[in-house]
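Listed below are the residues making up each chain.
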Amino acid sequence: MRRFRILLATTPLCAALLIGCERGGGAPEDGKPSATATTVSTASGASPIEDYRKERMKEAMRGLRYEKGYVELDLEQAPAIAEEVRGETYEGLLSKGRTELDGGLSVEAIGTFTRAVIHNPELAPAYEALGDALITKGRVNESQAAYTSAMGVADDSAELRFKVAQNIQRGGDLDSQIAAYGRVLDLDPNHAEAHSRIAIAYYYKEEYAAAWTHTHEAERLGGVVPPQFRGMLSAKLAEPAN
């Protein structure tokens, strides 16, 4: 079981979140918008709402870094957050984050799971939960990094590999998809959904015999492929006998 190196800075550095609020002011005497107002609305190229959303996400992700393809502690931010969560429990943070995620509060869940990772970087569940939350906001690379870290600090699982494969599928590379779902089947040959996903990938690679093989396996295991997919596959290659 491999582990990622966790580094903590010795001197905590607190970062303040600064979200600017545009306050309404009186109109100029000539009735024209002031130069200051024009600058505020156009300088960033984004609306105040978009800026606010970006700052919320930045704050939620504060304390961790993802650039290396796995999650590591931010040496400047993590120590202060570790102090903040010292009085909380790992399980309590996980429970809170899952409640937030189930309630559609994805950004809040990302923040809570981030704090759970910082609370105990040696445990896998928070990494996996963080990956689940990040993907709801379209953060595919960061989600993949979180899943990679989960696999790095805990025993591998077919379901975790399946989540990794789903992220790879979003990238559109068929060979990578097939390989990733194949790794799911290495651990669980009876994973019906993985067989279904591989079947569809083989169809788009125009390897129709392989697509039929995995279609039959998925159905044998109680899974399904989309009804329209069967028709499309039959039009390319008559269904072979099981």
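Please refer to the structure placed before this passage.
A quick note: this is a predicted structure, and the numbers were derived from the prediction, not measured.

A. Spotlight on the overall build of the chain. When you go through the chain residue by residue, the secondary structure sums to 12 helices and two strands. Mapped from its N terminus to its C terminus, the chain presents α and β elements in the order α-α-β-β-α-α-α-α-α-α-α-α-α-α. Expressed as a percentage of its 242 residues, the buried residues of the chain come to 38%. The contacts in the chain between residues at least 6 apart in sequence include a share of 59% that link residues at least 24 apart.

B. Broad picture of the nonpolar core. Counting residues in each nonpolar core, the largest one holds 35 residues, and the members touching the most others are L64, Y66, V71, I110, F113 and L130. Elements with a contribution of two residues or more to this core: α2 (48-60), α3 (78-84), α4 (90-102), α5 (106-119), α6 (125-135), α7 (140-153) and α8 (158-171). Among the elements that make up this core, the one with the highest residue count is α5 (seven residues). Not counting the four nearest positions on each side in its chain, V71 is found in contact with L64, R65, Y66, Y127, A145, A146 and S149. With 20 residues, the next largest nonpolar core counts F162, A180, Y203 and Y208 among its residues.

C. Examining the packing of helix α9 (residues 174-187) against helix α10 (residues 192-204) more closely. Look at α9 against α10: their axes get within 9 Å of each other, and the N-to-C directions meet at 155 degrees. By the angle between their directions, the pair α9 and α10 is classed as roughly antiparallel. The handedness of the crossing between α9 and α10 comes out as left-handed. Touching L174, Q177, I178, Y181, G182, V184 and L185 of α9 are A194, H195, R197, I198, A201, Y202 and Y204, all from α10.

D. The arrangement of unusual backbone geometry in detail. If you check the backbone angles, E206 has positive phi at about 65 degrees while not being a glycine. In this structure, E206 sits in the loop between α10 and α11 (208-220). For E206, a relative accessible area of 58% corresponds to the exposed category.

E. Quick peek at the pattern of salt bridges. Throughout the structure, instances matching the rule amount to 17 salt bridges. Ionic pairing is found between R220 and E217, a salt bridge with its closest N-O pair at 2.9 Å. With R220 and E217 both in helix α11, this residue pair falls three residues apart, about one helical turn. Using a relative accessible area of 24% as the deciding quantity, one classes E217 as partly exposed. Between R230 and E239 there is a salt bridge; the shortest N-O distance is 3.0 Å. Taking the relative accessible area as the measure of exposure, E239 reaches 37% and is therefore partly exposed. A single salt-bridge network, built from bridges that share partners, covers R65, E67 and D74.

Rules used throughout
- Residues numbered from 1 in each chain as written.
- Predicted model: local features only at pLDDT ≥ 70, side-chain atom pairs only at ≥ 80, totals over all residues.
- Heavy atoms only, no water.
- Helix = DSSP H or I, 4+ residues; strand = E, 2+ residues; numbered from the N terminus.
- Buried < 20%, exposed > 50% of the residue type's maximum accessible area, 1.4 Å probe, protein only.
- Contact = heavy atoms within 4.5 Å.
- Core = buried A, V, L, I, M, F, W, Y, C linked by side-chain atoms within 4.5 Å.
- Axes fitted to C-alpha atoms, helices over the stretch in contact; angles between N-to-C directions.
- Parallel < 35°, antiparallel > 145°, perpendicular 65-115°, else oblique.
- Left-handed = near helix turned anticlockwise from the far one by under 90°.
- Salt bridge = Lys/Arg side-chain N within 4 Å of Asp/Glu carboxyl O.

Taken by themselves, the reported measurements are silent on function.
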